Amino acid sequence: MKIAYLYLTLLFCVHLTAQSAYDLRIGQWKAHLPFKRSSYVTASPNKIYFATEFGLLALDREDQQPTFITRVEGLSDAGLQRVKYHVGTETLLIAYSDGNLDLYTNDGIVDYINIKENDRILGRKSINDIIYYGDKAYLACSFGLVEFDMVRREFGFTTFIDFEAFSLRVFDGYFYLGTENGIYRAPVNGVNLADFQEWQLLGPGEGIPAGYFYANQLAVMDDRLYAVIEDRI
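Residues numbered from 1 in each chain as written. Predicted model: local features only at pLDDT ≥ 70, side-chain atom pairs only at ≥ 80, totals over all residues. Heavy atoms only, no water.

Draft legend 1. Just the packing of aromatic side chains, in detail. All told, the structure shown has 13 aromatic pairs when counted by the stated rule. Aromatic pair Phe 143 and Phe 160: ring centres 6.1 Å apart, planes at 35 degrees, arrangement tilted. Placement of Phe 143 in the loop between β10 (136-141) and β11 (144-149) and of Phe 160 in strand β12 (residues 154-160) is noted, with a sequence separation of 17 residues between them. Here Phe 143 falls in the buried class, since its relative accessible area comes to 7%. In this structure Phe 160 comes out as partly exposed when scored by relative accessible area, which is 30%. Taking 6.0 Å as the distance between ring centres and 70 degrees as the angle between the ring planes, the aromatic pair formed by Phe 163 and Phe 196 counts as edge-to-face. Placement of the pair is Phe 163 in the loop between β12 and β13 (165-171) and Phe 196 in the loop between β15 (182-187) and β16 (200-201), with a sequence separation of 33 residues. (Phe/Tyr/Trp six-rings, centres within 6.5 Å; stacked < 30°, edge-to-face > 60°. Helix = DSSP H or I, 4+ residues; strand = E, 2+ residues; numbered from the N terminus. Buried < 20%, exposed > 50% of the residue type's maximum accessible area, 1.4 Å probe, protein only.)

Right under this line is the structure:
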C-alpha cells in the first residue's frame, strides 16, 4: 500500500509539473520559490505586498488571488528586506539587504544601485526602515540616514553615523531615529539633517532612562510615540 501511495503521489506531482510547463513557451522561465516567510508587509489601495527572501508576493484585496514577482518578472535582486508603497506616486519602493533599491510601478521596475555601489560606505549597506514624509522617502540604514525624492526619483542628503540606525518616525514636528546608541531627534524643518551634530540624543531630560542603548523599533499610534528600548516599550 505504501509503495502504491508513493507511486500515485509522484505521478500526481509529475502531472502538475507537466501541466504548468504547458503554460510556457520555448525560452520562457517560471520560478518556483518558497513564499511562506515574509519579512515585511505594505499595502496599496488594490493590493497587499509581502516581502520574502526570494521575491515579492502581491495579494489582490478583492479576489485574494496571489501574484508572485521574482527576478524572472523583473526584480533586480534577491534578499528583499523592506517594501513600502507611496500613494502619491503609486510606487512600491523595494529595498534589498545589500542596499539595492527598486522602484516598482505600472510602467515597470527601475533599479537604483547608488547605495549598493557607494565606495564611501564601508561594511554593511542594509536598509532597516523606510518612511515617507511628503514626496520624500527616508531610509534608516546600517550606516545612517538617506533621503530619496519619490517624484524626481533622485537621492538627496545622506547622514553618515558611526553606528546602526534601525527605525525612523516623524512625530510632533521632529524626526526620531532609533539606533544602537539610543534615540536621536532633529526638527523636520530649519536644520541641516545631513549634519549629525544637529541631532539630539534623548535621555532622562526627555523622560528616557539613563544608560540605555538599543532602540530598535519606533511607532506612532494615537498621537503617541512608542519606542522599544532594549527589552522594554
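Draft legend 2. Representation of unusual backbone geometry. Of note, Asp 172 is a non-glycine position whose phi angle comes to about 55 degrees, a positive value. Within the secondary structure layout, Asp 172 lies in the loop between β13 and β14 (174-179). Of note in this structure, Asp 222 is not a glycine but carries a positive phi near 55 degrees. Within the secondary structure layout, Asp 222 lies in the loop between β17 (215-221) and β18 (224-229).

Draft legend 3. Geometry of the pairing of β14. Extensive coverage of β14 is indicated by the burial of 5 of its 6 residues. Connecting the antiparallel pair β13 and β14 is a turn made up of 2 residues, with Asp 172 showing a positive phi of about 55 degrees. Here β14 pairs with β15 via 6 bridges, running antiparallel. Paired with Tyr 174 across the bridge in β15 is Pro 187. Linking β14 back to β15 in an antiparallel pair, the connection comprises 2 residues. (Pairing = 2+ DSSP bridges.)

Draft legend 4. Representation of the sheet that holds strand β9 (residues 127-133) within the structure. Strand order in the open sheet formed by 4 strands is β9-β10-β11-β12, and the pairing between neighbours is antiparallel. Both edges of this open sheet fall to β9 and β12, since each of them pairs with a single strand only. In this sheet, adjacent strand axes meet at a mean angle of 20 degrees when their direction is disregarded. By the bridge criterion, 5 bridges tie β11 to β12 in an arrangement that is antiparallel. Residue pairing in the sheet places Phe 148 in a bridge with Phe 155 of β12. (Axes fitted to C-alpha atoms, helices over the stretch in contact; angles between N-to-C directions.)

Draft legend 5. Representation of the environment of Leu 145. Topologically, Leu 145 is positioned in strand β11. Judged by relative accessible area, which is 2%, Leu 145 ranks as buried. Measuring from C-alpha to C-alpha, the distance between Leu 145 and Asp 129 comes to 9.7 Å, with 16 residues separating the pair along the chain. Leu 145 has contacts with Tyr 138, Leu 139, Ala 140, Phe 157, Thr 158, Thr 159, Leu 168 and Trp 199, leaving out every residue within four places of it along the chain. (Contact = heavy atoms within 4.5 Å.)

All quantities given are derived from atomic positions and should not be read as evidence of function.
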